[in-house]
Amino acid sequence: MLLQHGAGIPCQQLLHASDEAARPILAQIDAAFRHPPSVANTLHGVRRIHQGARGRSTSLFPSRKSGGAIPLESKLELAYAVVLERSPAVLRYRTQVVHIPLPAGQSAFPDFLVELVDGGFELHEVKPSIAHLSRAYLDRCELIISVLQSAQVPFRLCGHGRWSPAQDASG
């Protein structure tokens, strides 16, 4: 399986992944960017966001970087998609495309998979305020980080004042 990024340049991070635990995550990243848009030019993730759901503020964002409409679950995600679209560090992105299995039958679907112009990949979770997240949720994020460590894919919490894709979630 040839994993590529951007204009067909092999992504060394993905090609040289030797850890068996990393392969499922890396395969999902590869599939996310290989999967073509739907007939309606929408780039759905593995966790589909249904438009028009009652009581939810879903939207479709027309992304030039991603080459199709990106489904989003909230106005906050919509605002973050605009940030990604404008960032010179971002090559392209997708939403809800990586399923991360966690212990005790739980799982996580980070909001955004981001491919950077330097060939790296990151997973971003967008929240209104990191300072107001519960200790249990922060522990869950630490668990996600540890699961992704073997794949060398950073996980970033993005909240108020921390919107740059280049900012580190730890500081």
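Our structure is the block above this text.
Draft legend 1. Geometry of the pairing of strand β3 (residues 59-63). Of the two faces of β3, only one is covered, namely that formed by S59, F61 and S63; the face formed by L60 and P62 stays uncovered. Note that β3 and strand β4 (residues 68-72) share 5 bridges and pair antiparallel. Looking at the pairing, S59 lines up with L72 of β4. Where β3 hands over to β4, the hairpin turn is made up of 4 residues, of which G67 adopts a positive phi near 75°.

Draft legend 2. Focus on the nonpolar core. Counting 22 residues, the largest nonpolar core has I29, V98, I100, L113 and L123 as its most contacted members. Counting residues per element, the ones that place at least two in this core are α2 (23-34), β9 (121-126), α4 (135-149) and β10 (155-158). A per-element tally of this core places α2 first, with 5 residues. Excluding its chain neighbours within four sequence positions, the residues that come into contact with L123 are V98, I100, P110, F112, L113, L148, V153, P154, F155 and R156. Among the nonpolar cores identified, the runner-up in size contains 13 residues, and Y80, F112, L116 and C158 belong to it.

Draft legend 3. The side chain of S87, seen in detail. Topologically, S87 is positioned in the loop between α3 (75-86) and β5 (90-95). A distance of 3.2 Å separates a polar side-chain atom of S87 from the backbone nitrogen of A89.

Draft legend 4. Examining α4 more closely. With 15 residues, α4 should cover 21 Å at 1.5 Å per step; its first-to-last C-alpha distance of 21 Å lies within 8% of that length. Every buried residue of α4 is listed here: C141, I144 and L148. Angularly, the buried residues of α4 cover 55° about the axis, an arc narrow enough to put them on a single face. Within α4, the exposed residues directed more than 90 degrees away from the buried face are R135, A136 and Q149. Looking at the buried side of α4, the elements it contacts are α2, β6 (100-101), β7 (107-108), β9 and β10.

Calculation criteria
Residues numbered from 1 in each chain as written. Predicted model: local features only at pLDDT ≥ 70, side-chain atom pairs only at ≥ 80, totals over all residues. Heavy atoms only, no water. Buried < 20%, exposed > 50% of the residue type's maximum accessible area, 1.4 Å probe, protein only. Helix = DSSP H or I, 4+ residues; strand = E, 2+ residues; numbered from the N terminus. Pairing = 2+ DSSP bridges. Core = buried A, V, L, I, M, F, W, Y, C linked by side-chain atoms within 4.5 Å. Contact = heavy atoms within 4.5 Å. Polar contact = N/O pair within 3.5 Å; in protein donor to acceptor, adjacent residues only side chain to side chain. Expected span 1.5 Å × (residues − 1). Arc of directions from axis to C-beta.

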